[in-house]
Amino acid sequence: MPSAITSTSSQTDATIFGGHGIARPQLTKPLSDSGSLQQYSHNDPTPAIGREFPTLKIRDLLKADDQLFRDLAYTISSRGVVFLRNQDVTPNELKDFMLRLTTLAGCPSTSGLHVHPLTEEGSELGDQISVISSEKQKKGGGLTHQLSDVSRYASNAWHSDITFEPVPSDYAMLKIHTLPVTGGDTLWASGYEVYDRLSEPMREMLKKLTATHDAKFFLDEARNLGNPLRECERGSPLNKGAELAAVHPVIRTNPVTGWNSVYVNKGFTKRINGVTKDESDILLKYLFNMVTQNHDAQVRFRWSKNDVAIWDNRSTWHCATYDYNDPRAGDRVCSLGEAPYLDVQGGKSRKEELGF
Ligand SMILES: O=C(O)CCC(=O)C(=O)O
Ligand SMILES: [Fe+2]
């Protein structure tokens, strides 16, 4: 069994549900935006989620001061996902960038960059880069299950990254360098927006519940790929072994914004705990439908070569689109944040705070 949420005593505030003593956020209050990114042109592709900076370059950001980085972290966490075009950056620069982002956004001192359980040991790009590749996926049999006989719903691929880890991801970054001529778009959806569409009684009920997230299917995938599963510490002392399962609160507060989000996902969440199996199935189906059936809570990104997306995995979901045959590949870096928690008193609704 995955380790259950034990008590509220691991965080200083007694109104915290979830969390873990060695994986607390280092922020004592949410960040605010000093406006330092306003000098760069930007646009929001939808009101609910996403911001694109068409000319901002990661190479320049790496030289920027800490305040600009903090503003970028706030922008990613508040808008959910940020798109940067045509980036000339090496995998090592992607890693440096992510470490600085997660550190300045207040990740616990025990959290580093994630090592995915399927990452090949001794891979030339290093342990902390996940190669996203259509060819590799075909071999492993993962993520393309919507094309199989089991189900033909493309929406089966909606997920947040690595929620089967006790300390999951705060931010993730993907650079796509190899693209089909058409197809292969990625979609993101806002967890703040879905939370805001729940009625007050439904929010109150979900705030008392936890869910079990499980990625046992990676054991089969590792076998198909012929790679041993990485059972070492995967970026946090709490993430190790072959269990690949964790328990997290159903409603999660993002420490960078202070806003609540729904934190279950179709990819990894198997069971809402403490209710009957039938109740869990109905609740999960309802919450997954809230993600897939609200296209006004989503943004769809059409990639060009070397574009980069950076998202906050605590408060968004994303979904790849497998509508192409030509090779598609990129590099992903995933940083680890805090053990998920709900700030029962302090966590806010985005809508109530921003007024829309
Ligand atoms: O290939 C994509 O568009 C997204 C892959 C993905 O889920 C990820 O990088 O976390
Ligand atoms: Fe993902």
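Each value, and the rule that gives it
- Residues numbered from 1 in each chain as written.
- Chains lettered and ligands numbered in written order.
- Predicted model: local features only at pLDDT ≥ 70, side-chain atom pairs only at ≥ 80, totals over all residues.
- Heavy atoms only, no water.
- UniProt positions renumbered as here; feature names shortened; annotations may be inferred.
- Phe/Tyr/Trp six-rings, centres within 6.5 Å; stacked < 30°, edge-to-face > 60°.
- Helix = DSSP H or I, 4+ residues; strand = E, 2+ residues; numbered from the N terminus.
- Buried < 20%, exposed > 50% of the residue type's maximum accessible area, 1.4 Å probe, protein only.
- Lys NZ or Arg CZ within 6 Å of the ring centre and 35° of its normal.
- Arc of directions from axis to C-beta.
- Contact = heavy atoms within 4.5 Å.
- Polar contact = N/O pair within 3.5 Å; in protein donor to acceptor, adjacent residues only side chain to side chain.
- Expected span 1.5 Å × (residues − 1).

- The protein carries the name TauD/TfdA-like domain-containing protein in an unreviewed UniProt entry, which gives Podospora bellae-mahoneyi as its organism.
- In its Cofactor (unreviewed entry) section, the UniProt record describing the protein reads: "Fe(2+)".
- Here is the UniProt Sequence similarities (unreviewed entry) comment for the protein, exactly as written: "Belongs to the TfdA dioxygenase family."

Quick word on the packing of aromatic side chains
Here's step 1: Taken as a whole, this structure holds twelve aromatic pairs when the rule is applied.
Here's step 2: Residues F69 and F97 carry aromatic rings whose centres are separated by 5.3 Å and whose planes lie at 50° to one another, so their mutual orientation is tilted. With a gap of 28 residues between them, F69 in helix α2 (residues 66-79) and F97 in helix α3 (residues 91-104) connect regions that are remote in the sequence. A single burial state applies to F69 and to F97, both of which are buried.
Here's step 3: Each ring, one from F217 and one from F218, has its centre 4.7 Å from the other, and the planes form 55°; the classification is tilted.
Here's step 4: F217 gets classed as partly exposed once you look at its relative accessible area, which sits at 35%.
Here's step 5: Judged by its relative accessible area of 7%, F218 falls in the buried class.
Here's step 6: A connected cluster of aromatic rings, assembled from ring pairs, spans F83, W188, F301, W303 and W311.
Here's step 7: Lying across the ring of Y263, R252 places its NZ or CZ 4.7 Å from the centre.

Re helix α7 (residues 217-225)
Here's step 1: The set of residues buried in α7 consists of F218, E221, A222 and L225. The buried side chains of α7 occupy one side of the element, clustering within an arc of 100° when seen end-on.
Here's step 2: Looking one or two residues past α7, G226 carries a phi angle of roughly 75°, positive in sign.

Things to note about the environment of Y192
Here's step 1: Mapped onto the elements, Y192 comes out in helix α5 (residues 191-196).
Here's step 2: With a relative accessible area of 1%, Y192 lands in the buried category.
Here's step 3: Counting along the chain gives 123 residues from Y192 to S315, while the straight-line C-alpha distance between them is 6.3 Å.
Here's step 4: Setting aside its immediate chain neighbours within four residues, Y192 contacts S77, S78, N254, T257, W259, N260, S261, S315 and R350.
Here's step 5: Only 3.3 Å separates the side chain of Y192 from the side chain of N254, close enough to count as a polar contact.

Description of helix α8 (residues 277-292)
Here's step 1: End to end, α8 covers 22 Å across 16 residues, agreeing with the expected 22 Å (1.5 Å per residue, within 8%).
Here's step 2: Among all positions in α8, only S280, L283, L284, L287, F288, M290 and V291 are buried. One face of α8 carries all of its buried residues, which in axial projection span an arc of 150°. Every exposed residue of α8 that faces more than 90 degrees away from the buried side is listed here: D278, I282 and K285.

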